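Coordinate analysis (summary)
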Protein chains: 2
Amino acid sequence: MARTALTRDEVLETAAALVRQHGPAALTMRKLAAELGTAVTSIYWHVGNRESLLDALVERTVADLGAIRPRGATPAERIASVARALRRDLRAHPHLVAMVHERGLTERMFLPAQRVLVHEVHAAGLRGARAAGVVRAIQFHVVGHVLVERNRERSPAQSPAEEDLWAVETADRDPALARALARPVDTERLFATTVRALVTGLLETAD
Amino acid sequence: MARTALTRDEVLETAAALVRQHGPAALTMRKLAAELGTAVTSIYWHVGNRESLLDALVERTVADLGAIRPRGATPAERIASVARALRRDLRAHPHLVAMVHERGLTERMFLPAQRVLVHEVHAAGLRGARAAGVVRAIQFHVVGHVLVERNRERSPAQSPAEEDLWAVETADRDPALARALARPVDTERLFATTVRALVTGLLETAD
DNA sequence: ACCTGAACACCGTTCAAGT
DNA sequence: ACCTGAACACCGTTCAAGT
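Residues numbered from 1 in each chain as written. Chains lettered and ligands numbered in written order. Predicted model: local features only at pLDDT ≥ 70, side-chain atom pairs only at ≥ 80, totals over all residues. Heavy atoms only, no water.

**Section: the protein's contact with DNA strand D**
Taken together, 19 residues lie near DNA strand D, and R30 of chain A together with T41, S42, W45 and H46 of chain B sit nearest. Put simply, 49% of the atoms of DNA strand D that lie within 4 Å of the protein are in sugar or phosphate. Between DNA strand D and L6 of chain B, the relevant distance is 2.9 Å, taken from a phosphate oxygen to a main-chain nitrogen or oxygen of the residue. Among the secondary structure elements, those contributing two or more residues to the surface near DNA strand D are α2 (29-36) and α3 (40-47) of chain A together with α3 (40-47) of chain B. Element by element, the count of residues in the surface near DNA strand D is highest for α3 of chain B, at 4 residues. A class-by-class count of the residues in the surface near DNA strand D yields 8 nonpolar, 7 polar and 4 charged. (Near = heavy atom within 4 Å. Polar contact = N/O pair within 3.5 Å; in protein donor to acceptor, adjacent residues only side chain to side chain. Helix = DSSP H or I, 4+ residues; strand = E, 2+ residues; numbered from the N terminus. Nonpolar A, V, L, I, M, F, W, Y, C, P; charged D, E, K, R; others polar.)

Listed below in structure tokens is the structure:
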């Protein structure tokens, strides 16, 4: 009834808040309308439909991702630092990765980082297709890792009794390994070492 | 009406067929019932609800994944071959990865491969936490890569005009790189080189 | 130009009633 | 033990009608 005029921006803002708090699945047109205090159908006038609404949300968040400054002395270290910064940015928007992923906007999301990466890969002495390969490898690795990682956090109880199996089979031969595999994964650390290994391998391997 | 008795197995089989053809989203209880020629509610008696149905489907497919035999002369090559085999198996069930992922069953899915990997990492001379780290790194990398890759196939038109941007900015400095980044990704090749680089890096980097 | 309610075609799930 | 239809509480979306 007594409402100020609804704007597209207000719709996006409220929708973003809902996604932030409860994830994309919880964003229904009806709940959004209730939150806004309008009729469901009003939303359609401003954003078209649910799909374009989500598109706009993703667009917005991607545009807000800050620039990335590489740190470190060697090219390898600088490349790895870009990967780590990228992961940090993505994790700051917990629902973004999955949404970008579903919408096929991975490339777009990567553009700023890509530019930086190209610069560093050049500094490492690579050119042309080799350089492109390294950039792509980092891209895939970061997104892939964040996807896997995010998912583990959502479903904390990983498959029942992994420990049990390992306890029996490996404990006597390599108990330290059995114990390590039974522990929850320290993804922060895993990412750091994996990226370092990957970058090292990529820079030295002939293509 | 004139139907043979409905069995849990028949429900799973038909559901699996629907998922295979149209993906998990297309598996609705009502469509499934229509396909089976029963009332929607009959399905509930056999499988509980949609969620447990999907769980059972995943369970089933994971159990069917074949054993993995490493190939190659060096440990590094054998580890990489396991990663490639794993990727191949996952790609043979296009909807499996996402479903496993959503259900938090990644560990379970990885158990058979994990055993093989541990063996090979041992052969490479690593023990304890170091060895575990390498196994985990491979796990994350393979699942992550397949997730990213699968998704690109689903939404083929990646963000508009990536080429344009690169064409302008980099073309003069490194035209070969600009061209390479504009081309669609050869994921098969990317995976092979990335895994090789990662394994190389992991085996030689001190932890 | 913007907003509305009614209506349509879908969902998953529960439940009392049948055999 | 197994199957059923009716009913409930949800969805996204369209559309004619309002101002």
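Having seen the structure, we can now continue with the description.
**Examining helix α8 (residues 128-154) of chain A**
End to end, α8 of chain A covers 40 Å across 27 residues, agreeing with the expected 39 Å (1.5 Å per residue, within 8%). When you tally the buried positions in α8 of chain A, you get 22 out of 27 residues, the bulk of the element. (Expected span 1.5 Å × (residues − 1). Buried < 20%, exposed > 50% of the residue type's maximum accessible area, 1.4 Å probe, protein only.)

**A look at the layout of surface pockets**
Put simply, the largest pocket is a space of about 1200 Å³. Taken together, 38 residues line the largest pocket, and the ones lying closest to its centre are A98, E102 and R154 of chain A together with A98 and E102 of chain B. Mapped by element, the contributors of at least two residues to the lining of the largest pocket are α4 (50-64), α6 (96-103) and α8 of chain A together with α4 (50-64), α6 (96-103) and α8 (128-154) of chain B. Split into classes, the residues belonging to the lining of the largest pocket amount to 16 nonpolar, 10 polar and 12 charged. (1 Å grid on protein atoms, 1.4 Å probe; cavity = no way out; pocket = protein on both sides within 12 Å on 5 of 7 lines; lining within 4 Å. Points joined across faces, edges and corners; volume = space filled by probe spheres on them.)

**As for the packing of α8 of chain A against helix α10 (residues 175-182) of chain B**
For the pair α8 of chain A and α10 of chain B, interaxial distance at closest approach is 7 Å and the crossing angle is 45°. Considered as vectors, α8 of chain A and α10 of chain B are oriented oblique to each other. For the crossing formed where α8 of chain A meets α10 of chain B, the hand is right-handed. On the side of α8 of chain A, the interface is formed by G128, A129, A131, A132 and R136 of chain A, while α10 of chain B contributes A176, L177, A180 and L181 of chain B. For the contact of α8 of chain A with α10 of chain B, a count of residues per class yields 7 nonpolar, 1 polar and 1 charged. (Axes fitted to C-alpha atoms, helices over the stretch in contact; angles between N-to-C directions. Parallel < 35°, antiparallel > 145°, perpendicular 65-115°, else oblique. Left-handed = near helix turned anticlockwise from the far one by under 90°. Contact = heavy atoms within 4.5 Å.)

**A few points about the UniProt feature "domain: HTH tetR-type" (unreviewed entry) in chain A**
As recorded in UniProt, the sites labelled "domain: HTH tetR-type" (unreviewed entry) are residues 5-65 of chain A. With 75% helix and 0% strand, residues 5-65 of chain A has its two end C-alpha atoms placed 30 Å apart. (UniProt positions renumbered as here; feature names shortened; annotations may be inferred.)

**Quick word on the pattern of salt bridges**
All names here are of chain A. Enumeration over the complete set of coordinates arrives at 26 salt bridges over all chains. A salt bridge links R91 to E149; its shortest N-O distance comes to 3.0 Å. With R91 in helix α5 (residues 75-92) and E149 in helix α8, this residue pair connects regions lying 58 residues apart in the sequence. A residue is classified by how much of its surface remains accessible, and R91, at 31% relative accessible area, is partly exposed. Each of the salt bridges in this network shares a partner with another, and the network as a whole consists of R87, R91, E149, R150, E153 and E188. (Salt bridge = Lys/Arg side-chain N within 4 Å of Asp/Glu carboxyl O.)

**Examining the environment of G66 of chain A**
Residues and elements named next belong to chain A. Here G66 is to be found in the loop between α4 and α5. On the accessibility criterion, G66 (42% relative accessible area) is partly exposed. Here the alpha-carbon distance between G66 and P112, two residues 46 residues apart in the chain, equals 8.9 Å.

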